[in-house]
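Structural overview for review
Below are the chains, spelled out letter by letter.
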Amino acid sequence: VQEGDGCAMMHLAKNPAANIKPGTLIIGKWHKNRYQIVKQLGYGSIGAVYLVRSPVGHYALKIGYDNMGIISEVNALKRLTSVQGQSLGPFFVEMDDWNGWTFYVMEYIHGQPLFSFVQKNGREWIVVLMLQLLAELKKLHGEGYIFGDLKPDNLLVSGQRIRWLDVGGVTKIGHSVKEFTSFYDRAHWGAGTRKAEPSYDLFSVAVIFIHLACPHQLPKKEAGIKQLEKLVLASRTLHPYQSILIGALRGAYEHAGKLHGALLEKASGVQRPAAASRVEKKRLKRRKKWSLFKSIIVMAFLFLLFFIYLHFKGI
């Protein structure tokens, strides 16, 4: 949601486009495709998003009270789908008009919220998901854009793959970031400007990483970035990644590729001792089994000698 006061958001929520009732049939003015509203998924500064049913399946439909904003998002969505490889974002279906509003249709992504997935599957997944996110950001930055409004609410885990949901914050590098969320915005923490550059996204990635590891320790911004750094230094989960995360918070990484490389190298080092420990445990287990087997053989041999002795003594 774009930075703004509560009154502004209440005003947006009262817009008719944000209050379309379930069951309403939307028929595109130009393409004539039919979409029936199932439920609202959310709303923001330029429009509301609905789960819709069509003759060929379910989609997400965003309809706007800011038509130019909707067109801008469509362009951003097309840019994401043009990035080489499988995009993290939803694929674009079509754009049309209805009742004077512009809307667009995109893939409806099934999955779990980021926090729920990590809570259910374990914190070791945090670094895996952040590496996936950085790999895709590297592609997006290479196309000349940043994501802008990176936050857990805009991320979903489908299967074991992270996906992003809202592309409204995608901004051309060099321009000013207009759509952001305070807690993940570096300007909010006094750590830089809102100029669209790769380091802006990387700051947000670091804060998401910290938030996932310390979900109940949200700092206030009085002490600025130092409060985030304190969380990093105090967290056992974040201990192996301290220098990397603090570097990302301070803008030490010029692009996503460098942060991805540093994080991957560190994560590999963290995993190696655990793997070595598992190998050592298996080795010890085999040794114990072999020792037990040898003991059984010795005891059997002694019993055999004892029976032979009794036999000859009886004779």
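Throughout what follows, the structure given in this document is the object of discussion. Note that the structure is predicted; figures quoted are calculated from it, not measured. (Residues numbered from 1 in each chain as written. Predicted model: local features only at pLDDT ≥ 70, side-chain atom pairs only at ≥ 80, totals over all residues. Heavy atoms only, no water.)

Describing the overall build of the protein chain
- When its secondary structure is counted, the protein chain shows eight helices and 11 strands.
- Within the span of the protein chain, comprising 315 residues, buried residues form 43% of the whole.
- If you take every contact in the protein chain between residues at least 6 apart in sequence, the share linking residues at least 24 apart comes to 57%.
- Only carbon and sulfur atoms are counted for the fraction: they give 58% of the accessible area of the protein chain, which is about 17300 Å². (Helix = DSSP H or I, 4+ residues; strand = E, 2+ residues; numbered from the N terminus. Buried < 20%, exposed > 50% of the residue type's maximum accessible area, 1.4 Å probe, protein only. Contact = heavy atoms within 4.5 Å. Areas by Shrake-Rupley, 256 points an atom, 1.4 Å probe, with all protein chains shown as cover.)

Description of the environment of Leu 137
- Secondary-structure assignment places Leu 137 in helix H4 (residues 124–142).
- Sequence spacing of Leu 137 and His 255 is 118 residues, and the spatial spacing of their C-alpha atoms is 8.9 Å.
- Leu 137 has contacts with Phe 147, Leu 150, Trp 164, Asp 201, Val 205 and Ala 256, leaving out every residue within four places of it along the chain.

Notes on the pattern of salt bridges
- Within the structure shown, the criterion is met by nine salt bridges.
- The partner of Lys 258 in a salt bridge is Glu 254, with the nearest N and O atoms 4.0 Å apart.
- Taking relative accessible area as the criterion, Lys 258 reaches 42% and is therefore assigned partly exposed.
- A relative accessible area of 58% means that Glu 254 is categorised as exposed.
- A network of salt bridges, in which partner residues are shared, links Lys 62, Glu 73 and Asp 166. (Salt bridge = Lys/Arg side-chain N within 4 Å of Asp/Glu carboxyl O.)

Here's the deal with the side chain of Glu 94
- By the secondary structure assignment, Glu 94 is in strand S5 (residues 92–98).
- An unpaired buried charge is present at Glu 94: no salt bridge exists, and Lys 78, the closest side chain of opposite charge, is 11 Å distant.
- There is a polar contact of 3.1 Å between the side chain of Glu 94 and the side chain of Asn 33.
- Within the structure, Glu 94 has its side chain in polar contact with the side chain of Tyr 35 (distance 2.5 Å). (Lys, Arg positive; Asp, Glu negative; His and termini not counted. Polar contact = N/O pair within 3.5 Å; in protein donor to acceptor, adjacent residues only side chain to side chain.)

Some remarks on the sheet that holds strand S7 (residues 112–113)
- What the three strands build is an open sheet, ordered S7-S9-S10; its pairing is antiparallel. In this open sheet, the two strands that pair with only one neighbour each are S7 and strand S10 (161–164). (Pairing = 2+ DSSP bridges.)

Observations concerning the sheet that holds strand S6 (residues 101–107)
- Across the sheet, which stays open at both edges, the six strands sit in the order S1-S2-S3-S4-S6-S5 with antiparallel pairing between neighbours. Looking at strand neighbours, the two that pair on one side only are strand S1 (25–27) and S5, the edges of this open sheet. Averaged over all adjacent pairs, the angle separating strand axes in this sheet is 35°, with direction ignored.
- Examined bridge by bridge, strand S2 (residues 34–43) and strand S3 (residues 47–54) share six bridges and lie antiparallel to one another. (Axes fitted to C-alpha atoms, helices over the stretch in contact; angles between N-to-C directions.)

Digging into H4
- For H4, which comprises 19 residues, the first-to-last C-alpha distance of 29 Å matches the rise-based estimate of 27 Å (1.5 Å per residue) to within 8%.
- Within H4, the full set of buried residues consists of Trp 125, Ile 126, Val 127, Leu 129, Met 130, Leu 131, Leu 133, Leu 134, Glu 136, Leu 137, Leu 140 and His 141.
- Phi turns positive one or two residues past the end of H4, at Gly 144, with a value near 95°. (Expected span 1.5 Å × (residues − 1).)

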